[in-house]
Amino acid sequence: MGSTPVRTFEYSVGGMTVKVPTGCMFTHIIRGSGRKITYQNAGVDCAFVAALSSGFCNWRIDFTYADTNNRTYRTSRGKTHSECKIDPMRNNSPQTLPRYGRTCARLYVNGVRRVSQCHHITK
């Protein structure tokens, strides 16, 4: 399990400016052994003032897989959600990876990558 802070940013939705304040963390959880992933989840948790904001609109979460040379060989692209959520989250299905390397979860808002969190997959 690992968490990365979501930096403050602004974006436009339907002519309105939405501001995401500090106080949100992007957490990526992965369980398994070796190249076998039994559970994978990523999502945002917000606290304090950030929990009161309108959240993330037009968001999606992708999972990427790279080899030990950092070459991405697979991307599991999430669905883009048009609704605004303060706590976007996505699960990915269990799988066995073809090689060791790393897996990353990436949050996109309005088509722009805002935060990533990665784990190394090793023997």
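Values in this document were obtained by computation on a predicted structure and should not be read as measured data.

Draft legend 1. Summary view of the overall build of the chain. From N to C terminus, the chain includes zero helices and eleven strands. Secondary structure elements of the chain occur, N-terminal to C-terminal, as β-β-β-β-β-β-β-β-β-β-β. A globule of 123 residues ought to have a C-alpha radius of gyration of about 14 Å, and the chain, at 15 Å, matches this closely. Once the C-alpha set of the chain is aligned to its principal axes, its extents read approximately 45 × 25 × 25 Å. Each of the 123 residues in the chain was classed as buried or not, and the buried ones make up 43%. Pairs at least 24 residues apart make up 59% of the contacts formed inside the chain by residues separated by at least 6 positions. Working note: accessible area of the chain is about 6900 Å², and carbon and sulfur atoms make up 49% of it.

Draft legend 2. Molecular detail of the nonpolar core. Counting residues in each nonpolar core, the largest one holds 24 residues, and the members touching the most others are Phe26, Phe56 and Leu107. Of all the secondary structure elements, the ones that give two or more residues to this core are strand E2 (9–13), strand E3 (16–20), strand E4 (24–33), strand E5 (36–46), strand E6 (59–67), strand E10 (101–109) and strand E11 (112–121).

Draft legend 3. The sheet that holds E11, seen in detail. The four strands are arranged E7-E6-E10-E11 in an open sheet whose pairing can be described as antiparallel. Every interior strand has two partners, whereas the edge strands, strand E7 (72–76) and E11, have only one. The average angle at which neighbouring strand axes cross in this sheet is 20 degrees, direction not considered. As defined by bridge partners, E6 adjoins E7 across four bridges and the pair is classed as antiparallel. Each residue of the ladder has a partner; that of threonine 64, found in E7, is threonine 75.

Draft legend 4. Fine view of the environment of leucine 107. With respect to the helices and strands, leucine 107 occurs in strand E10. For the pair leucine 107 and glutamine 40, spaced 67 residues apart in the sequence, the C-alpha separation amounts to 14 Å.

How each quantity is defined
Residues numbered from 1 in each chain as written. Predicted model: local features only at pLDDT ≥ 70, side-chain atom pairs only at ≥ 80, totals over all residues. Heavy atoms only, no water. Helix = DSSP H or I, 4+ residues; strand = E, 2+ residues; numbered from the N terminus. Rg over C-alpha atoms; globule rule 2.2 N^0.38 Å. Buried < 20%, exposed > 50% of the residue type's maximum accessible area, 1.4 Å probe, protein only. Contact = heavy atoms within 4.5 Å. Areas by Shrake-Rupley, 256 points an atom, 1.4 Å probe, with all protein chains shown as cover. Core = buried A, V, L, I, M, F, W, Y, C linked by side-chain atoms within 4.5 Å. Pairing = 2+ DSSP bridges. Axes fitted to C-alpha atoms, helices over the stretch in contact; angles between N-to-C directions.

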